[in-house]
Every structure is written in structure tokens, then in C-alpha cells.
Amino acid sequence: MSNPDASHGQPGRFLSVEGIDGAGKSTHIDWMADRCRESGREVVVTREPGGTPLAERLRELLLHEAMGIQTELLLVFAARSEHAAALIRPALARGAIVICDRFTDSTHAYQGEGRGVAPAWIDQLEAAVLKRLRPDRTYLFDLPADIAAQRRAAARAADRFEQEDVAFFERVRAGYARRVAEDRGRFLCLDGRESIDALRSQLAADLRRLGLAG
Ligand SMILES: Nc1ncnc2c1ncn2[C@@H]1O[C@H](COP(=O)(O)OP(=O)(O)OP(=O)(O)O)[C@@H](O)[C@H]1O
Ligand SMILES: [Mg+2]
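**Q** Explain the overall build of the protein to me, using residue names and the numbers behind them.
**A** For the protein, the helix and strand inventory stands at eight helices and five strands. Helices and strands in the protein line up, N terminus first, as β-α-β-α-α-β-α-α-β-α-α-β-α. Its C-alpha radius of gyration of 16 Å places the protein within 12% of the 17 Å reference for a compact globule of 214 residues. In terms of overall dimensions, the protein has a C-alpha envelope of 45 × 40 × 30 Å along the principal axes. Per-residue burial over the protein gives 50% buried out of 214 residues. For the protein, contacts bridging at least 24 residues in sequence account for 80% of all contacts bridging at least 6. About 9,600 Å² of surface is accessible on the protein, with carbon and sulfur atoms providing 51% of the total. Computing the positive centroid from 31 side-chain charges and the negative centroid from 32, the protein places the two 3 Å apart.

**Q** Describe the sheet that holds strand 5 (residues 187-191), naming the residues involved and giving the relevant values.
**A** One open sheet accounts for five strands, arranged 2-3-1-4-5; its pairing is parallel. Looking at strand neighbours, the two that pair on one side only are strand 2 (43-47) and strand 5, the edges of this open sheet. Going from strand to strand, the sheet's axes swing by 15° on average, the running direction of each strand aside. As paired strands, strand 1 (residues 13-18) and strand 4 (residues 137-142) are joined by four bridges and run parallel to one another. Across the sheet, Val17 pairs through a bridge with Tyr139, a residue of strand 4. Packed onto the sheet, helix 4 (residues 104-114) meets strand 1, strand 4 and strand 5 and runs at close to 25° relative to strand 1.

**Q** Just give me the short version of the packing of aromatic side chains, but keep the residues and values in it.
**A** Applying the stated rule across the entire model yields five aromatic pairs. A ring pair is formed by Phe14 and Phe103, whose centres lie 4.9 Å apart and whose planes are at 80°; its orientation type is edge-to-face. Of this pair, Phe14 sits in strand 1 while Phe103 sits in the loop between strand 3 (97-101) and helix 4; the two residues are 89 residues apart in sequence, bridging distant segments of the chain. Assigned by exposure class, Phe14 and Phe103 land together as buried. Look at Tyr110 and Phe169: their rings are 6.2 Å apart centre to centre, the planes differ by 80°, and that puts the pair in the edge-to-face class.

**Q** Please set out the pattern of salt bridges residue by residue, giving values where relevant.
**A** Tallied over the full model, the rule gives 21 salt bridges. Residues Arg156 and Glu162 are paired through a salt bridge, measuring 3.4 Å at the closest nitrogen-oxygen approach. When its relative accessible area of 45% is taken as the criterion, Arg156 is described as partly exposed. One salt-bridge network, held together by shared partners, links Asp105, Arg134, Arg179, Glu182, Asp183 and Arg186.

**Q** Tell me about the site of ligand 1, residues and numbers included.
**A** Of all residues adjacent to ligand 1, which total 18 residues, the nearest are Gly22, Lys25, Thr27, Arg156 and Glu194. Within the side chain of Ser26, a nitrogen or oxygen atom sits 2.8 Å from an oxygen atom of ligand 1. Thr27 is positioned such that a nitrogen or oxygen atom in its side chain is 2.6 Å from an oxygen atom of ligand 1. About the coverage of ligand 1: the protein hides 75% of its 640 Å² of free accessible area. Here the residues of the shell around ligand 1 are counted per class, giving five nonpolar, six polar and seven charged.

**Q** Tell me what's going on with the environment of Ala33, and back it up with residues and numbers.
**A** Tracing the backbone shows Ala33 in helix 1 (residues 25-37). Ala33 sits in the buried class, given a relative accessible area of 1%. A C-alpha to C-alpha distance of 9.9 Å links Ala33 and Leu212, two positions 179 residues apart in sequence. Not counting residues up to four positions away in its chain, the partners in contact with Ala33 are Val43, Val45 and Ile99.

**Q** How would you explain helix 1 if you had to name every residue and give the values?
**A** Note on helix geometry: an α-helix contains 3.6 residues per turn, so any two residues three or four positions apart are oriented the same way. The end-to-end C-alpha distance of helix 1 is 19 Å, a good match for the 18 Å that 13 residues give at a rise of 1.5 Å each. Those residues of helix 1 not exposed but buried are Lys25, His28, Ile29, Met32, Ala33 and Cys36. Around the axis of helix 1, the buried residues are gathered within 145° of arc, so they sit on the same side. Contacts from the buried residues of helix 1 go to strand 1, strand 2, strand 3, strand 4 and helix 8 (196-209).

Definitions and limits used
Residues numbered from 1 in each chain as written. Chains lettered and ligands numbered in written order. Predicted model: local features only at pLDDT ≥ 70, side-chain atom pairs only at ≥ 80, totals over all residues. Heavy atoms only, no water. Helix = DSSP H or I, 4+ residues; strand = E, 2+ residues; numbered from the N terminus. Rg over C-alpha atoms; globule rule 2.2 N^0.38 Å. Buried < 20%, exposed > 50% of the residue type's maximum accessible area, 1.4 Å probe, protein only. Contact = heavy atoms within 4.5 Å. Areas by Shrake-Rupley, 256 points an atom, 1.4 Å probe, with all protein chains shown as cover. Lys, Arg positive; Asp, Glu negative; His and termini not counted. Charge placed at Lys NZ, Arg CZ, Asp CG, Glu CD. Pairing = 2+ DSSP bridges. Axes fitted to C-alpha atoms, helices over the stretch in contact; angles between N-to-C directions. Phe/Tyr/Trp six-rings, centres within 6.5 Å; stacked < 30°, edge-to-face > 60°. Salt bridge = Lys/Arg side-chain N within 4 Å of Asp/Glu carboxyl O. Near = heavy atom within 4 Å. Polar contact = N/O pair within 3.5 Å; in protein donor to acceptor, adjacent residues only side chain to side chain. Nonpolar A, V, L, I, M, F, W, Y, C, P; charged D, E, K, R; others polar. Expected span 1.5 Å × (residues − 1). Arc of directions from axis to C-beta.

Printed below as a string of C-alpha cells:
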């Protein structure tokens, strides 16, 4: 399927999934991939930071090593540069559907709104590192930070980001809302308080609308 409208200009489709820690992203990604595979297309599921062996090593540092915000921002983009070159671009060039757990919107929300990095600097890094590579569609799971914290506490031990307080995650959440306001057409916003089944029917309807699921 050719895809002349995509900013990346490749025949594949690039979908990202966003939301604060515990909002519900992982709960749906493999399920979305299965719906897309039913249409016969190649589907690549990946995540950020990470997605290649080197980027996964950078992820370990980012999640567990104390560091300054500038280092954090540059490591995020180092991992993304590697991920884009080695995995995402080749997959899109083959015509695959790429489903990525987090992408540059996370940087705006976490390092930008959460930690206070100027948006213009993130935009400059994005332009330099990614050129025109951006998701065709972004699924944003929105959930109040206190509910997300309860879900995380029940699920697993906290990493360096997950140890942040509710105020940090409310800033991140507001950062996502700002991204949506700047680019409404790219986002599908989902209310993470809804049931998993209700969310999946919205996801399925959107994937059908995009021609990616039957
Ligand atoms: N709609 C829902 N209703 C109730 N609980 C949910 C819902 N979606 C997910 N959960 C639960 O919330 C927890 C966190 O979900 P999940 O791991 O999918 O979040 P995440 O966004 O991937 O988090 P992270 O960014 O930390 O990876 C899990 O225990 C999951 O079972
Ligand atoms: Mg997850």
C-alpha cells in the first residue's frame, strides 16, 4: 500500500503509543499488532528507549543510572537515532506497520514538561536526528497520575522515572495534552479509566479506519 501522505514518505505505517507510566500502553500493543497482522501486513513491535541492542543498553542507563537532565536528553536521542536508522526506517521502507511503545512525544512530555527542558531544544534535536520521521498515528492513553501510580504499584518495582511523584506525572500528562493541541489530527486520545474491552473497540475502529485492520 503506498502512503503518499506520510511525513516519512515510506510505504509503511508508523504508529506510536503514548501515556504516562501505568496508563495502559503495554496492555494493548501486542493485541493491536495481532489485529494488524490479520490484514496480512508485516508488523514490527518495538519500544523506546530501546528497540536495538545498543539502544536497549542505553535504556538500561536511562532507567537505572542517576544523571543530569542534559545527559538524559542526549541519551534519549542517541537511542532514538540508532533505533530509527537500524530498525524503524528499514521496516517502513519494506512496507511494514511499525508499532512503537513511546516516541518523541515522550521526550516532550517527560524531559520537556516533566523535567523542564525547553521545547525548542527538543524540536532542534528532533529535526537534526529524525528529519521527517514522525508517527502517522499516535494513540495516547490518558490517565490521572494518582490512578496510574496505584496501577504501577500493583504491577511491578519502580524504575528511575516511575519513582517520581504524582506532581511530576501530572506535568508529563499536561505535556502530552499540549502535544495533542498542537497536532490534533495525528492523535487518538483514549481515556485510560475505561475498561480494556472498551478501549480495544476504539482501537480496532481506528485501525480499520486507517485500513490497517479488517
Ligand atoms: N483499562 C484498564 N483498566 C484497569 N487496569 C488496567 C487497564 N489497562 C491496564 N491496566 C493495568 O494497569 C497496569 C499498568 O498497565 P500497563 O503496563 O499496560 O501500562 P504502561 O502504560 O505500559 O506502563 P509503562 O509506561 O510503565 O510501561 C497493569 O497492571 C494493567 O493490567
Ligand atoms: Mg509498558
